[in-house]
Amino acid sequence: MAAKHSEADDTTMEAPPPADGNADISFAEREDEDDTTAVSSLDHSDLFAAVEESVISCRPLVNFFYHPTDNDDTTTTTKLTTRQRRDVICNIVKSPKFNKTRARRLFSGLTPLLRKVVDEESYCPDEDDNGDIIVDAHAASTLSVMYLRICAFLVDAYLDGLLKRQRKGNNNNNNRRVEVIDEVFEVAEMLHDLLFPLQNCGKEGMATQSAIFCMCENWWHGNFDDKELFVTQLIPLLLVKSLEDTAQKNDVKRLYSIRDAIDLLDFECDSITTLKNHLLRTVANPLFLQSTEGKKFITHLFHVDASLVGELHKAIKVQLFEAKRSILNAYGEIYYNAWKQSVDKKEEEEDEEGQGEIQASIEENALQDMMYYQIHAANPKIASSIRIVLDKFYVNKKSPDVESMLHRCYGPLLWRSLAATNARVRLQAAAVLTDTFPLRDPDAGQEWTEACVQKSVEALISLMSDEVAAVRVAGSNATAKILSQFWVAIPANDIRKLLNHIIAKHASDLTSSAVRATAIKTVTTLLEEDKTHAVLRSLLPSLGNLIHDKSEKVRLVVVEMLLFVKKIRGMKYYHIVDPQNLLGRLADEGRGRNNPTGPVAIGLSELLSNSFFPVGKNKTMSDIINRTLRLLTDNPDAAVTFYRNAGTQLGVNSISKLIAALMRCLCMLIVQDKKMNCEDISNLSIVMADDEIDSAKVPPNTALMATIAESISILWGSIEADLKHEQNESAADILMEVFSGNVLTEVYSHFESKTVDGLEDAKMAECSRACVAILNCAGKMKETEIEGLRAHVIGELAKATDTPPEKRTRVNFSPNMALLCEWGMTEDVAQCLSNSVLNYFSPDNLDGKPKTSKKRKQRGKKTAAKDELPQLDIETSLGILGNILKGSYPASLSARDSIIKSEAAFTVISTALQSARTAAKTIIKSQLADEAEVSIAKIRHIGNAIECYGRLLIHREAMRGEVPMRLSQEAKELLSWVTDNIIPSMMKSVEAEEENSLSKLDISAISGLGSPMACDDPPRRKSNRRSARESDVSFLSSDQATLNTLQEPSMHTSSISAVSIASASSVLSTFAEWLSICGAESFLLIHISKWCEVLGATDNIKTRESLLGSLFHVALRSLKDDRDATVFKELLLHLKGVDPSTKEKEIIIESLSIITSLRDEQIATQALATIIYVTRSIIVQAVDNDNAAFLDMVGPGMKKVLLGILNNKRSSLLLAKCLLNEPKVSSIRESLVKEIRANSPMSDALEAIVRELSGENVVTDGETEEEIGSKEEPSIILERAEAAETSELLSSQPEAVALES
């Protein structure tokens, strides 16, 4: 059995090198190693003796190097290591005393055995049956490999010593070749020829190969005779080694050090193909592209041979599409240096033919090809990548050589491309014109330069007048960059023409917001140059109206321009847009769908910050208060938006001072109001002791006071997190000084008392707004810091039950409960709400009438604790819970989070809300349900409670932070309950023929899409799923107050159908929002699809109207957000037999208009493909009636759907495009084409598609028009079979996302 190396062998035999093969470096690099400090008595006679003994066997020389005997005397007290002994022996050969005679004796003694080892291949190791190398330290192959390594060491040492002696004698002639005796050359040549065979000789072979590497490298770098013979195998091996996955930068450096040897290769020979392929691989190797030597090596390859330039360029071009920017920059550096060096060498060398050919090849085969693809690339990403590669040339275009080259290469391409038919080519040519301007020959003279400038200006005007908006944008960008860099070089008349296009035409372009935005960006770019100010100063006011542009990106660039103008001395931003328009814009940013904390609002707030919060030594708080009150009085909406963004402009201390000053102003106004009503003001007098507000005299105004309170709440919220830091303790103290005590209690009481005084609705709303703001501020403080507010809040809740219903609906108690949650009473609040809900939905209260029961007063016990929350009526409890889930203000958001995080609070509320399901079950399953009369109010409360329960479950899933969000088990049970209980009860009601059946029930008050907690459409989802943090937003974000169940009529009605509709509508409303946030889930879509069956099972119009809107809402959500047409398909299939009422027609038309207005054409196309599929299914299943019109055969419901599509210009065009994918022999296709002709508004595009669909412009080889027209259409049976097969496939896969047309 083969013996392996033992630990003892490491002291006597050299350890194998590391995996990177770099342990055995050249001796020239090892002069300073500490290992060579040992002194030994060994001399050349010992070395000669060992060599002469190794005539037959390698062992004597190997033992001399690696196995010293006890007779080897050393002057050191310790035994030499293997490395030290080897260095001592090599130093003998390096010594100046080792003359040619000794060298001939040494290497002539090595030659016979070396030749024998080579001829007999005794260095090849033995292999076992599995092909693995047998490692045996005493095997002949191991000794032979070590003998080869020793020979390499000795040659390397001799070369090192020879080179040192040569340099000492010839200091001024380092380029002279160094002569080497024949014996050394013979040994070195045999070793060099073994480089490839040693590749397969195990670790010992690799170590020996590394030693021979060093020898060959030294021979090349030392400029010894016949050095060219020692790189033929060295180059390929170093190249392969540097391309391996385990390669390091040192391998690239070694390859780069012998780069001149590659010039000796003949690239026209067929045998060099493999080596050439390896060289081409270097351009895609990250190790080469990330190291300086690697990039220089690739640059050198461009100069090796002219024929190699094109192949290198092709190899690089393949990498451009997916390359990172750092790699693209590396390629750019390689191209530029390769071209620059070819130019420099051409100028330096007398024989210009070789380098001139290289330069021409680089320009024609590489650079010009790259330039062509930058202009003509179909993929803009490729064009952008190429632009990065060529950027080095553009940056250095002021160099005459570079400018001349750009003119030679781009001249034949650019001007023709600027007038190309393809818009993409024109767009990319505009970028090239920007980078190369002025594209001229530097040696042609001034007249030629002026002609080139004029030609470029005409090209810019042509680009800015292009019919394609993207090209106009590119032209405007090009003009901005060129004018900013060459303002002085361009004639004034040409500047005037270009600016006229930008400001007069592009800024008012009605067809594209991108063009308008780019026009503003162009002006901003020009303003960066001082020399443009004199011309632009008078033109800027004409751009001021764009501050009110309907596009947010246009408004944003206008604000950015104004911010830049604000920094320019001598120019005023309010000369461009007057302050009234700025304030109006700021106010509008806080309204509607605009984002009050978006970039436009933030920019405007920054622009106006000095106006409403001036900073400086001479500015006092009185000045700030006066300006603040003026803003609040003149434009309260703008003030609110400004304060929402104050945190981005002002420091924490400044905002704290402003909050304190505003609170004093509010108290001052309240004091004035109280004085007018002869009320006590003693509790607020302490706040008025500050003289800073003496000059702020304004009459009391409820709207103004509400706005001040809201501004205080907003400002406090912007710094709430910062106030918790230690460095902001002083700011917190400022707030506590003003707000602590009973100030907030008095302010809140003042506004709260007005909400029940019978004021008009407008003032009531302002007082409610102020109350919410004050309670929000109280929630940011500790309960102990405010006197009496908690007792007051609880007392108002206690009065709620005694408040008349008409006044109770005007009071919002949600902020009160939210404040108590902030103060740690979350479980108490939950228990209070749950008790009210449980009491109302108890089995004893089936009819929903309030129970009046007297409780016996217990002796010895207090009737109620002071801070115990009172029992609330169901209307108030559901209203509070709904507003908390709605999250309409920060305090309610915090309350919602605290309820969900508290396991006890969540459990009691969810349990109470589930009692609504129990009440619904009781009503539906009751044997007396057909006779019982249940109040519509209770049915409405059942729907509201079920919807609250569903939304509570959804918010809990969002709070868990799991990505992606999944329906909880409770949510799935809610869906299953509707599917298994509610829908069947509705179906049974349809079949019943009693007087209280569904067909007799008047449910006209049902609203399809509204909800007590109705919400606007959430922001559009991106292609990826939202994270849990992004999903944790309020589903209840609208101010609507419509109900999704029943309004309160004066009569009672039958309960089964009403409860079923209320429950189904509530669940639909809830899970439609789940779709918009979390996406489609097969479980959800399967259940909702089953609910569509109700539409086709009832003739009751009111029932359909109550569900149709919600079902369409869910279907559109699924289509828009997840491209799932399952619900949409089921909905359409069940509409075929429905004769829609006026309201149902409105719902259908509105839903279709949403589909056709989508920007994503793929979603609209998928919806239309679904409509075509449903139409085919209905036609196939219909009874044959040759006399019936096509639209009558699809049924009244689908007829309305098709007419809604056909009557719309965009949807009819998309429908025609979808029909192009239908089988040409389809009768459905033919019928729909006829309907398009008859009902659709025809445009040129639609007319062309209809002609193609009709076959009017289709030419068939070998057939006449008569033959084409006489072709018999396939039987309708084929279509029926295809439709049945498709229907079966879809029914077996209900979770399918897309519909195959």
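Rules used throughout
- Residues numbered from 1 in each chain as written.
- Predicted model: local features only at pLDDT ≥ 70, side-chain atom pairs only at ≥ 80, totals over all residues.
- Heavy atoms only, no water.
- Helix = DSSP H or I, 4+ residues; strand = E, 2+ residues; numbered from the N terminus.
- Buried < 20%, exposed > 50% of the residue type's maximum accessible area, 1.4 Å probe, protein only.
- Contact = heavy atoms within 4.5 Å.
- Areas by Shrake-Rupley, 256 points an atom, 1.4 Å probe, with all protein chains shown as cover.
- Phe/Tyr/Trp six-rings, centres within 6.5 Å; stacked < 30°, edge-to-face > 60°.
- Lys NZ or Arg CZ within 6 Å of the ring centre and 35° of its normal.
- Salt bridge = Lys/Arg side-chain N within 4 Å of Asp/Glu carboxyl O.
- Expected span 1.5 Å × (residues − 1).
- Axes fitted to C-alpha atoms, helices over the stretch in contact; angles between N-to-C directions.
- Parallel < 35°, antiparallel > 145°, perpendicular 65-115°, else oblique.
- Left-handed = near helix turned anticlockwise from the far one by under 90°.
- Nonpolar A, V, L, I, M, F, W, Y, C, P; charged D, E, K, R; others polar.
- Patch = residues over 30% accessible without salt bridge, like charges linked within 9 Å, V, L, I, M, F, W, Y side chains within 5 Å.
- Lys, Arg positive; Asp, Glu negative; His and termini not counted.
- Charge placed at Lys NZ, Arg CZ, Asp CG, Glu CD.
- pLDDT = per-residue confidence, 0-100.

**Brief notes about the overall build of the protein chain**
Check the secondary structure of the protein chain and you find 57 helices and zero strands. In the protein chain, which comprises 1301 residues, the share counted as buried stands at 51%. In the protein chain, the share of contacts with a sequence separation of at least 24, taken over all contacts with a separation of at least 6, comes to 75%. Counting only carbon and sulfur atoms, one obtains 48% of the accessible surface of the protein chain, whose full area is about 60,800 Å².

**Brief notes about the packing of aromatic side chains**
Considering all chains together, one arrives at 19 aromatic pairs under this definition. Between Phe107 and Tyr158 the ring centres are 5.6 Å apart and the planes differ by 65°, which places this aromatic pair in the edge-to-face class. Of this pair, Phe107 sits in helix H4 (residues 100-120) while Tyr158 sits in helix H5 (residues 140-169), placing them 51 residues apart in sequence. Accessibility assignment for this pair places Phe107 and Tyr158 in one class, buried. Relative to Phe841, the ring of Tyr840 has its centre 5.1 Å away and its plane inclined at 85°; by these criteria the two rings are edge-to-face. Phe841 matches Tyr840 in its accessibility class, with the two residues each being buried. Among the aromatic residues, those joined into a ring-pair cluster are Phe185, Trp219, Phe224 and Phe230. The aromatic ring of Phe153 is capped on one face by Arg86, whose charged end is 4.4 Å from the ring centroid.

**As for the environment of Ala474**
Here Ala474 is to be found in helix H20 (residues 469-486). Remark: the alpha-carbon pair of Ala474 and Leu427, spanning 47 residues in sequence, is separated by 6.0 Å. If sequence neighbours within four positions are ignored, Ala474 has contacts with Leu427 and Ala430.

**Some points on unusual backbone geometry**
Phe437 connects to Pro438 through a cis peptide bond whose omega is -10°. Counting through the fold element by element, Pro438 comes out in the loop between helix H18 (423-436) and helix H19 (446-464). Unlike most non-glycine residues, Asn223 shows phi in positive territory, near 60°. Relative to the helices and strands, Asn223 is located in the loop between helix H7 (202-221) and helix H8 (234-243). Even without a glycine there, the phi angle at Asp226 is positive, about 60°. Residue position: Asp226 is located in the loop between H7 and H8.

**Quick word on the pattern of salt bridges**
Think of it this way: side chains of opposite charge can pair up when their charged atoms draw near. Enumeration according to the criterion identifies 37 salt bridges in this entry. In this structure, Lys276 engages Glu311 in a salt bridge whose closest nitrogen and oxygen atoms are separated by 3.4 Å. Of this pair, Lys276 sits in helix H10 (residues 273-281) while Glu311 sits in helix H13 (residues 306-319); the two residues are 35 residues apart in sequence, bridging distant segments of the chain. Residue Glu311 is classed as partly exposed on the basis of its relative accessible area of 28%. Overlapping salt bridges, with partners in common, bring together Arg83, Arg86 and Asp87 in one network.

**Regarding helix H41 (residues 936-960)**
Along its 25 residues, H41 runs 37 Å from first to last C-alpha, staying within 8% of the 36 Å computed at 1.5 Å per residue. Immediately beyond the C-terminal end of H41, within one or two residues, lies Gly961, with a positive phi of roughly 80°.

**Quick notes on the environment of Leu723**
For Leu723, the position within the fold is in the loop between helix H30 (702-719) and helix H31 (729-739). Classification of Leu723 by relative accessible area gives buried; the value is 15%. Separated by 67 residues in the primary sequence, Leu723 and Ser656 have C-alpha atoms spaced 9.4 Å apart. If we ignore the near neighbours within four places in the chain, the residues touching Leu723 are Val652, Ser656, Trp716, Asn728, Ala731, Ala732 and Leu735.

**A look at the packing of helix H29 (residues 652-676) against H30**
Two numbers describe how H29 lies on H30: the axes approach to 9 Å, and their chain directions differ by 160°. As judged from the angle between their axes, H29 and H30 are roughly antiparallel. Every pair of crossing elements has a handedness; the one defined by H29 and H30 is left-handed. Residue-level contacts link Val652, Ile655, Ser656, Leu658, Ile659, Leu662, Met663, Leu666, Leu669, Ile670 and Asp673 of H29 to Leu704, Met705, Ile708, Ala709, Ile712, Leu715, Trp716, Ser718 and Ile719 of H30. For the contact of H29 with H30, the class distribution of residues is 17 nonpolar, two polar and one charged.

**Looking at a negative patch on the surface**
A surface patch of like charges, here negative, comprises Glu726, Glu729, Asp733 and Glu737. By secondary structure assignment, the location of Glu726 is in the loop between H30 and H31.

**Some remarks on the confidence of the model for the protein chain**
Mean pLDDT over the protein chain works out to 77, with 78% of the residues at or above the 70 mark. Every residue in residues 73-77 scores below 50 in pLDDT, and together they form 10 contacts with partners more than four places removed in sequence or on other chains.

**Brief notes about the environment of Pro815**
In this fold, Pro815 is placed in helix H36 (residues 814-822). Taking the C-alpha atoms as reference, Pro815 lies 9.0 Å from Ala773; in sequence the two are 42 residues apart.

**Some thoughts on H29**
Over its 25 residues, H29 extends 36 Å from the first C-alpha to the last, a length consistent with the 36 Å expected when each residue adds 1.5 Å. Looking one or two residues beyond H29, the residue adopting positive phi is Cys678, at roughly 55°.

**Regarding the packing of helix H27 (residues 621-634) against H30**
For any two helices packed against each other, one specifies the inter-axial angle together with the distance between the axes. Remark: H27 packs on H30, axes separated minimally by 9 Å, with the N-to-C direction vectors making an angle of 120°. Here H27 lies oblique to H30, going by the angle between them. When you trace H27 past H30, the crossing you get is right-handed. Facing H27, whose interface residues are Leu629, Leu632 and Thr633, H30 presents Leu704, Thr707, Ile708 and Ser711. A per-class count over the contact of H27 with H30 returns four nonpolar, three polar and no charged.

**What to know about the side chain of Glu363**
Within the secondary structure, Glu363 sits in helix H15 (residues 353-376). Classification of Glu363 as buried rests on a relative accessible area of 9%. Look past the residues within four positions of Glu363 in its chain and what remains in contact with it is Trp339, Gln368, Met405, Arg408 and Cys409.

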